[in-house]
Amino acid sequence: MDREELINEAFQKAILGFNDQILNDQGNWYNYVISMPKKLQVVYTIGVLNQQVLNGRFEQYFFNS
């Protein structure tokens, strides 16, 4: 398994438990992310950063809620 496959697999594990209730409530989202193992927290936050930057540059990452 190459590096990209490992990252994708870890990201899929990180987002497995997300649902509308978690995604629509900032407190629930924060608590969910904090409860992840550190490895999944890192993969998830870097994945979100990457998606936001590719979609709307750093301005989108820092200024979108």
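Predicted model only: the values in this text are computed from it and were never measured.

**A closer look at the overall build of the protein chain**
Right, so step 1: Scanning the protein chain for helices and strands turns up four helices and zero strands.
Right, so step 2: Counting from the amino terminus, helix and strand elements in the protein chain follow one another as α-α-α-α.
Right, so step 3: For the protein chain, the spread of C-alpha atoms along the three principal axes comes to 35 × 25 × 20 Å.
Right, so step 4: The 65 residues of the protein chain split such that 20% are buried.
Right, so step 5: Partitioning the intrachain contacts of the protein chain with sequence separation of at least 6 by distance along the chain shows that 35% fall at a separation of at least 24.
Right, so step 6: With an accessible surface of roughly 5300 Å², the protein chain has 55% of that area assigned to carbon and sulfur atoms.

**Observations regarding helix α4 (residues 38-63)**
Right, so step 1: The end-to-end C-alpha separation of α4 is 25 Å, well short of the 38 Å expected for 26 residues at 1.5 Å each.
Right, so step 2: Taken as a whole, α4 carries its principal kink of about 125° at Gly56.
Right, so step 3: Regarding α4, the residues found buried are Leu40, Gln41, Val43, Tyr44, Gly47 and Gln60.
Right, so step 4: The elements touched by buried residues of α4 are α1 (3-15) and α3 (26-35).

**Observations concerning the pattern of salt bridges**
Pairs can form between side chains of opposite charge whenever their charged atoms are close.
Right, so step 1: By the definition in use, this model includes one salt bridge.
Right, so step 2: Lys13 serves as the salt-bridge partner of Glu9, at 3.7 Å between the closest nitrogen and oxygen. A residue pair is termed a helical-turn pair when its members lie 3 or 4 positions apart in one helix, as Glu9 and Lys13 do in helix α1 at four residues.
Right, so step 3: Of the residues examined, Glu9 reaches a relative accessible area of 35% and is grouped as partly exposed.

**A few points about the nonpolar core**
Right, so step 1: Ranked by size, the top nonpolar core spans 10 residues in total: Ala10, Phe11, Ala14, Phe18, Ile22, Val33, Met36, Leu40, Val43 and Tyr44.
Right, so step 2: Those elements giving two or more residues to this core turn out to be α1 and α4.
Right, so step 3: In this view, Phe18 contacts Leu23, Trp29, Tyr32, Val33, Met36 and Tyr44; residues no more than four positions away in its chain are not counted.

What counts and what doesn't
- Residues numbered from 1 in each chain as written.
- Predicted model: local features only at pLDDT ≥ 70, side-chain atom pairs only at ≥ 80, totals over all residues.
- Heavy atoms only, no water.
- Helix = DSSP H or I, 4+ residues; strand = E, 2+ residues; numbered from the N terminus.
- Buried < 20%, exposed > 50% of the residue type's maximum accessible area, 1.4 Å probe, protein only.
- Contact = heavy atoms within 4.5 Å.
- Areas by Shrake-Rupley, 256 points an atom, 1.4 Å probe, with all protein chains shown as cover.
- Expected span 1.5 Å × (residues − 1).
- Bend = angle between axes of the 7 residues up to and from the residue.
- Salt bridge = Lys/Arg side-chain N within 4 Å of Asp/Glu carboxyl O.
- Core = buried A, V, L, I, M, F, W, Y, C linked by side-chain atoms within 4.5 Å.

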